[in-house]
2 protein chains.
Amino acid sequence: MGNNGDGWHTPAVEALRAGPRNQVVDLDTNGTPGFDGDKEFGTKLIEERGSVLSDLQEMLFANGRLGDERSVLLVLQGMDTAGKGGMVRNVIGHVDPQGVDHTAFGVPTPEEKRHHYLWRIHKALPRDGQLGVFDRSHYEDVLVARVRQLVPESVWRRRYDEINRFERDIADSGTTIVKVAMFVSLDEQKERLAERLERRDKHWKYNPSDVDERALWPEYQQAYQDMLDKTNTDHAPWYVVPCDRKWYSRLAVMELLIDAFERLDLDWPEANFDIEAEKKRLAES
Amino acid sequence: MGNNGDGWHTPAVEALRAGPRNQVVDLDTNGTPGFDGDKEFGTKLIEERGSVLSDLQEMLFANGRLGDERSVLLVLQGMDTAGKGGMVRNVIGHVDPQGVDHTAFGVPTPEEKRHHYLWRIHKALPRDGQLGVFDRSHYEDVLVARVRQLVPESVWRRRYDEINRFERDIADSGTTIVKVAMFVSLDEQKERLAERLERRDKHWKYNPSDVDERALWPEYQQAYQDMLDKTNTDHAPWYVVPCDRKWYSRLAVMELLIDAFERLDLDWPEANFDIEAEKKRLAES
């Protein structure tokens, strides 16, 4: 990743890492940070890199079967229409379904509400050897919970530290965490919502409350910025991904995931049996 | 499905349905029942039909989001190397990961052993609108449990009725069940196991106990036949799929699934809001 000739002049992990250079309010949501290829090239690259991701995931899965306790967790956060669903379909869709632990977090159920907000998150953490995918996450509890004033400020404020400790524990137990904040512009969101209203096969994706949320855009931007500032840790880094161009956002997350897998330095697990003896037994069976 | 010109002279649901014509001991595991196309055509067809399956699955998912309680459950049973993993990857891999509830059932854990054998099955049933996939299932409890004498005969014998009632309840609550029994020949299994021993990237799939199981082949064939005879119901039919040719088995299961989805007679859900009013609100937002 990040080599010359592959379209990336700066690796995605560098270009997109949250920090002073990547502020929510200044973000060019139509940009393609780090990448200077066009849509056609990027789209082709997604397919190629999908195979790489798939191979890496199979290797993690194989190791998991033989006792390796590591896993990878992709956290997707973003406003409605940012493209979380399409990200799952087009990036995670490249890997073997049996190696994926996917969870979409909606409005908490009555049972979930009776528990600590991290209860449902704990239950959904990826098993050993799995790629976990969170479509929304515990970050809802410092985003919508804050903007919609579902809890007092003193409550959501202390959650940042709580979340950092929680993610520290997960990371220490072998989970590589990749957090992706997805951003579209207000105009792009309007276009995407309009499409959902135009197309019969998209009506189910539309929710009238999405329009209400648009009035709260500045409040959400502030909540996202604070989230990035307070929970962008080395053990659970945030990446800020412009999503007006769907192909770019998918390619970028593909690269972020590949980077996470490559840092695990995986190899096929050693056989835990005598290969030659087994060949003989099999031949005689 | 099953039309002229698409390679199928008999629909998969007819050609493969368990019954007197499809006896385990007589099965041509190298056959392609119902289909007279070749591998090249079949492989191309898998891709085409994968798009159809994907669209149907999205429609079920959409309805599930709006309160439709129906789901589809694919049960895969088969001896080692029959190709269950490849089936998941190559058939289920065509649909959106967020619409799939996949569970692989291994040797029961200590916790699972302390419960009724259907406990872990119940917990893994697909949620509303989801496509559930079982890689092995409760049928292990009348297969390996019987052949390996893990429980007395009186125990596994009464399980057939229990399973039929259980599946009746699931079907009544809106789950369309498709059960697939996958068969390879002893020779084909030997080749596939040998490949796992030859290739470093396949060692993790090999288990010395697989060779022990080969000695029990006739006992397993009998157990599979009894399972088919006793649990092949209209509400949860069994299909007998020859699997020496991987491409055929995948195409066949693709067709079985598409048939199950088509019988749901799905359409995009109606908008539960006033479309014109929302267009106006959105334009003003």
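Just so you know, these numbers come straight off a predicted model, no measurement behind them. Residue positions are counted from 1 within each chain, in the order its sequence is given. Chain A is the first chain written and ligand 1 is the first ligand written, with later ones labelled in order. The predicted origin of the model limits local features to residues at a pLDDT of at least 70 and limits the giving and counting of side-chain atom pairs to 80 or more, whereas totals for whole chains, interfaces and linings rest on all residues. No hydrogens and no water enter the side-chain calculation; it runs on all heavy atoms of the structure.

### Thoughts on helix α10 (residues 217-231) of chain B
Residues lying three or four places apart along an α-helix face the same way, a consequence of the helix completing one turn every 3.6 residues.
Point 1. Given a rise of 1.5 Å per residue, 15 residues ought to cover 21 Å, and the 21 Å separating the end C-alpha atoms of α10 of chain B matches this to within 8%.
Point 2. Exposure is judged per residue with a 1.4 Å probe applied to protein chains only, and the accessible area is read against the type maximum: over 50% gives exposed, under 20% gives buried, and values in between give partly exposed. Comment: elements are numbered from the N terminus, with helices defined as DSSP H or I runs of at least four residues and strands as E runs of at least two. Of the positions making up α10 of chain B, those classed as buried are Trp217, Tyr220, Ala223, Tyr224, Gln225, Asp226, Met227, Leu228 and Thr231 of chain B. Take the residue count of a helix, subtract one, and multiply by 1.5 Å to get its expected span.

### Some remarks on the interface of chain A and chain B
Point 1. Counting from both sides, the interface comprises 43 residues of chain A and, opposite them, 43 residues of chain B.
Point 2. Note on terms: buried area is the combined drop in 1.4 Å-probe accessible area of two parts once they are placed together, counting the loss on both. In this assembly, chain A packs against chain B so that about 4300 Å² is buried in total across both faces, 59% of it on carbon and sulfur atoms.
Point 3. Of all residues in chain A, Arg89, Trp204 and Leu282 of chain A bury the most surface against chain B, accounting for 18% of the area lost on that side.
Point 4. Salt bridge, as used here, is a side-chain nitrogen of Lys or Arg placed within 4 Å of a carboxyl oxygen of Asp or Glu. Applying the counting criterion to the chain A and chain B interface returns 8 salt bridges.
Point 5. Whenever a nitrogen or oxygen atom comes within 3.5 Å of another N or O atom, the pair is scored as a polar contact, on the condition that within protein one atom can donate a hydrogen and the other can accept it, and that pairs from neighbouring residues in sequence are kept only if both atoms are in side chains. On the surface where chain A and chain B come into contact, there are 21 residue pairs in polar contact (both at pLDDT 80 or more).
Point 6. Residue assignment for the side of chain A that touches chain B shows that the elements contributing at least two residues are α2 (39-65), α3 (84-90), α8 (186-198), α9 (209-214) and α12 (275-284) of chain A.
Point 7. Here the element with the most residues in the side of chain A that touches chain B is α12 of chain A; it accounts for 6 residues. Here a residue-residue contact requires only that any non-hydrogen atoms of the pair lie within 4.5 Å.

### Remarks on the pattern of salt bridges
Point 1. Taken as a whole, this structure holds 49 salt bridges over all chains when the rule is applied.
Point 2. In this structure, arginine 157 of chain A engages glutamate 153 of chain A in a salt bridge whose closest nitrogen and oxygen atoms are separated by 2.7 Å. You can see arginine 157 of chain A and its partner glutamate 153 of chain A sitting in helix α7 (residues 153-172), 4 residues apart, about one turn around the helix.
Point 3. Assessed through its relative accessible area of 37%, arginine 157 of chain A is described here as partly exposed.
Point 4. Residue glutamate 153 of chain A is classed as partly exposed on the basis of its relative accessible area, which comes to 43%.
Point 5. A salt bridge links aspartate 201 of chain B to arginine 199 of chain B, with the shortest nitrogen-to-oxygen separation between them at 2.9 Å.
Point 6. For aspartate 201 of chain B, a relative accessible area of 23% puts it in the partly exposed group.
Point 7. Three or more residues joined by partner-sharing salt bridges are found here, namely Asp80, Arg136 and Glu140 of chain A.

### Concerning the sheet that holds strand β4 (residues 175-183) of chain A
All names here are of chain A.
Point 1. Strands qualify as paired when DSSP identifies two bridges or more between them. Taken in spatial order, the 5 strands make up an open sheet running β2-β3-β1-β4-β5, and their pairing is parallel. What marks the edges here is a single partner per strand, and that holds for β2 (100-104) and β5 (238-242). Neighbour to neighbour, the strand axes of the sheet diverge by 20 degrees on average, direction disregarded.
Point 2. Here β2 pairs with strand β3 (residues 131-135) via 5 bridges, running parallel. From the neighbouring strand, histidine 102 faces β3, where its bridge partner is valine 133. Note on method: axes are straight lines fitted to C-alpha atoms, helices fitted across the in-contact stretch only, with angles between N-to-C directions ranging 0 to 180 degrees.

### Some thoughts on the side chain of serine 54 of chain A
Point 1. Among the secondary structure elements, serine 54 of chain A is positioned in helix α2.
Point 2. Overall, serine 54 of chain A belongs to the buried group, its relative accessible area being 6%.
Point 3. Leaving out residues up to four positions away in the same chain, serine 54 of chain A has contacts with His94 and Val95 of chain A together with Arg89 of chain B.

### A word on the pairing of β3 of chain A
The two faces of a sheet get side chains in turn, since along a regular strand they alternate between them.
All names here are of chain A.
Point 1. The buried fraction of β3 amounts to 5 of the 5 residues, a majority that puts the element mostly inside the structure.
Point 2. Here strand β1 (residues 71-78) runs beside β3; their pairing, made up of 5 bridges, is parallel. Residue pairing for β3: valine 72 is matched across the bridge by leucine 131.

### Observations concerning the environment of proline 97 of chain A
Point 1. For proline 97 of chain A, the position within the fold is in the loop between α3 and β2.
Point 2. With residues up to four places along the chain from it excluded, the contact list for proline 97 of chain A reads Val88, Arg89, Ile92 and Gly93 of chain B.

### Brief notes about the relation of the copies chain A and chain B
Point 1. You can overlay chain A on chain B at an RMSD of 0.0 Å; the transform is a turn of 180 degrees with a shift of 0.0 Å along its axis. What we have between these two chains is a two-fold relation.
Point 2. Comparing interface residues between copies, 100% of those in chain A also lie at the interface in chain B; the contact surface is shared. Here the copies were fitted onto each other by least squares, based on C-alpha atoms from residues at pLDDT of at least 70 in both.

### Looking at the sheet that holds strand β5 (residues 238-242) of chain B
Residue and element names in this part refer to chain B.
Point 1. The sheet built from 5 strands is open, its strands ordered β2-β3-β1-β4-β5 with parallel pairing. The sheet is open, and its two edges are formed by β2 (100-104) and β5, each paired on a single side. Averaged over neighbouring strand pairs, the angle between their axes works out to 20 degrees when direction is ignored.

### Focus: the packing of aromatic side chains
Point 1. The criterion for an aromatic pair is that two Phe, Tyr or Trp rings (for Trp, the six-membered ring) have centres within 6.5 Å, with stacked assigned to planes under 30 degrees apart, edge-to-face to planes over 60 apart and tilted to the rest. With the rule as written, the count across this model stands at 22 aromatic pairs over all chains.
Point 2. Ring geometry for tryptophan 247 of chain B versus tyrosine 248 of chain B: centroids 6.2 Å apart, planes at 90 degrees, classification edge-to-face.
Point 3. Classification of tyrosine 248 of chain B as buried rests on a relative accessible area of 0%.
Point 4. Clustering of aromatic rings is evident, with ring pairs tying together Trp8, Phe35, Phe41, Trp247 and Tyr248 of chain A.
Point 5. Only when the NZ of Lys or the CZ of Arg is both within 6 Å of the ring centre and within 35 degrees of the ring normal is a charge said to sit over the ring. We note arginine 159 of chain A situated over the ring of tyrosine 117 of chain A; from NZ or CZ to the ring centre the distance is 4.4 Å.

### Focus: the UniProt feature "domain: Polyphosphate kinase-2-related" (unreviewed entry) in chain A
Point 1. UniProt positions are given in the numbering used here, feature names are shortened, and annotations may be inferred rather than shown by experiment. The UniProt record annotates "domain: Polyphosphate kinase-2-related" (unreviewed entry) at residues 68-262 of chain A.
Point 2. Split by type, residues 68-262 of chain A is 47% helix and 16% strand. Its first and last C-alpha atoms lie 16 Å apart.

### Some details on unusual backbone geometry
Residues and elements named next belong to chain A.
Point 1. A positive phi angle is found at glutamine 149, which is not glycine, with a value near 55 degrees.
Point 2. Taking relative accessible area as the criterion, glutamine 149 reaches 67% and is therefore assigned exposed.
Point 3. A positive phi angle, near 55 degrees, is found at aspartate 265, a position not held by glycine.
Point 4. According to the relative accessible area criterion, aspartate 265 is exposed, its value standing at 66%.

### Some thoughts on the side chain of threonine 233 of chain B
Residue and element names in this part refer to chain B.
Point 1. Relative to the elements of secondary structure, threonine 233 occurs in the loop between α10 and β5.
Point 2. A relative accessible area of 15% places threonine 233 in the buried class.
Point 3. If we skip the residues at most four places from it in the chain, threonine 233 touches Arg17 and Asn164.

### Things to note about the environment of valine 52 of chain B
Residue and element names in this part refer to chain B.
Point 1. By the element assignment, valine 52 lies in helix α2 (residues 39-65).
Point 2. We classify valine 52 as partly exposed; its relative accessible area is 29%.
Point 3. Spatially, the C-alpha atom of valine 52 lies 9.9 Å from that of glutamate 255, the residues being 203 residues apart in sequence.

### Focus on the nonpolar core
Note that soluble globular proteins tend to have their nonpolar side chains buried in a common cluster.
Point 1. What is meant by a nonpolar core is a set of buried Ala, Val, Leu, Ile, Met, Phe, Trp, Tyr and Cys residues, joined one to another through side-chain atoms within 4.5 Å. Within the largest apolar cluster, 48 residues are counted, with the highest numbers of intra-cluster contacts made by Leu16, Leu74, Ile92, Val180, Leu256, Leu257 and Phe261 of chain A.
Point 2. Looking at which element gives the most residues to this core, the answer is helix α11 (residues 246-262) of chain A, with 11 residues.
Point 3. Those residues in contact with phenylalanine 261 of chain A, other than ones at most four positions away along the chain, are Leu53, Leu56, Gln57, Leu60, Val72, Leu131 and Leu266 of chain A.
Point 4. Core analysis: the second largest hydrophobic core is formed by 47 residues, Met87, Leu131, Val133 and Met182 of chain B among them.

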